[in-house]
Amino acid sequence: DAKTTQPTSMDCAEGRAANLPCNHSTISGNEYVYWYRQIHSQGPQYIIHGLKNNETNEMASLIITEDRKSSTLILPHATLRDTAVYYCIVRVDSGGGADGLTFGKGTHLIIQP
Amino acid sequence: DSGVTQTPKHLITATGQRVTLRCSPRSGDLSVYWYQQSLDQGLQFLIQYYNGEERAKGNILERFSAQQFPDLHSELNLSSLELGDSALYFCASSPGHRFNEKLFFGSGTQLSVL
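Residues numbered from 1 in each chain as written. Chains lettered and ligands numbered in written order. Predicted model: local features only at pLDDT ≥ 70, side-chain atom pairs only at ≥ 80, totals over all residues. Heavy atoms only, no water.

> Would you mind going over the environment of A:M10 with me for this structure?
Residues and elements named next belong to chain A. With respect to the secondary-structure elements, M10 resides in strand β1 (residues 9-13). Counting along the chain gives 100 residues from M10 to I110, while the straight-line C-alpha distance between them is 6.2 Å. Filtering out sequence-adjacent residues up to four positions away, M10 remains in contact with N19, L20, P21, T107, H108, L109 and I110. (Helix = DSSP H or I, 4+ residues; strand = E, 2+ residues; numbered from the N terminus. Contact = heavy atoms within 4.5 Å.)

Printed below as a string of structure tokens:
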């Protein structure tokens, strides 16, 4: 799977949009971008994933650049409960099905009141 | 609540001992994944089972083993425990084995080896 680079930590004011960047410059054509988050010592939680089109769900939006070398997770109206470590993961469709996701260090997002 | 149940929530044991961690996947999910999270290593994938069969292996030590039973619950066995095995152990499940499935994680078992 392609390697990802994320900032170690970020701050965001409550009520504002939180924009979390992820660099995946070695991504290949059949690799998907996934975002999970982990709120202090809880199990990771799926947020969103995409291939090349922008995606939106009830939790967040995922913006993937046209060259697919980077992406941004957007939490439109951050709340204190969004304070967590956010993981950007890229995974390939190997045709053999799913295997374990490889989590990096992630970005520690701190929402300030 | 993800629907994935892990027991026990906390486990304290001594070096050299053996423990078993249990995971019940979400209803209908056939795949179970085990992860280890320690302060210095982050989240590490250990092993995946799909419908009773081992499907993928990650950084699992030979002292560790797992299995998935016919009712789809899974157990992770850790033996000859060392201080460095102290960690949070997470189980996750997904419906099948497609690569683009969401994984649903349990709340974890905190293992302390003294």
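> Even after reading the chapter, I still don't get the pattern of salt bridges, so can you show me in this structure?
As a working rule, side chains carrying opposite charge can pair if their charged atoms are close by. Under the criterion given, the structure shown has four salt bridges over all chains. Notably, a salt bridge pairs A:R37 with A:D82, separated by 2.8 Å at the nearest N-O pair. Here A:R37, found in strand β3 (residues 31-38), pairs with A:D82, found in the loop between β7 (70-75) and β8 (84-92); they are 45 residues apart in sequence, far enough to count as distant. Across the pair, exposure class does not vary: A:R37 and A:D82 are buried alike. Where B:D29 meets B:R26, a salt bridge forms, and the shortest distance between an N and an O atom there is 2.8 Å. A relative accessible area of 22% means that B:R26 is categorised as partly exposed. (Salt bridge = Lys/Arg side-chain N within 4 Å of Asp/Glu carboxyl O. Buried < 20%, exposed > 50% of the residue type's maximum accessible area, 1.4 Å probe, protein only.)

> What am I meant to see in unusual backbone geometry here?
For residues besides glycine, phi is generally negative; the peptide bonds are generally trans as well. All names here are of chain B. In this chain, T7 is followed by P8 through a cis amide linkage whose omega measures -10°. Secondary-structure assignment places P8 in the loop between β1 (5-7) and β2 (10-13). Phi at N51 is positive, roughly 50°, even though this residue is not glycine. Structurally, N51 can be placed in the loop between β5 (42-50) and β6 (53-57).

> Explanation requested: the nonpolar core in the structure shown.
Burial of nonpolar side chains together is a common tendency in soluble globular proteins. One finds A:W35, A:L73, A:Y86 and A:L109 to be the most contacted residues of the largest nonpolar core, which totals 21 residues. Contributions of two or more residues to this core are made by β2 (18-23), β3, β4 (45-50), β6 (61-64), β7, β8 and β9 (107-112) of chain A. Top contributing element to this core by residue count: β8(A), with four residues. Grouped together as the second largest cluster of nonpolar side chains are 20 residues, B:L21, B:I47, B:L78 and B:L111 included. (Core = buried A, V, L, I, M, F, W, Y, C linked by side-chain atoms within 4.5 Å.)

Everything listed here is a matter of geometry and, on its own, says nothing about what the molecule does.
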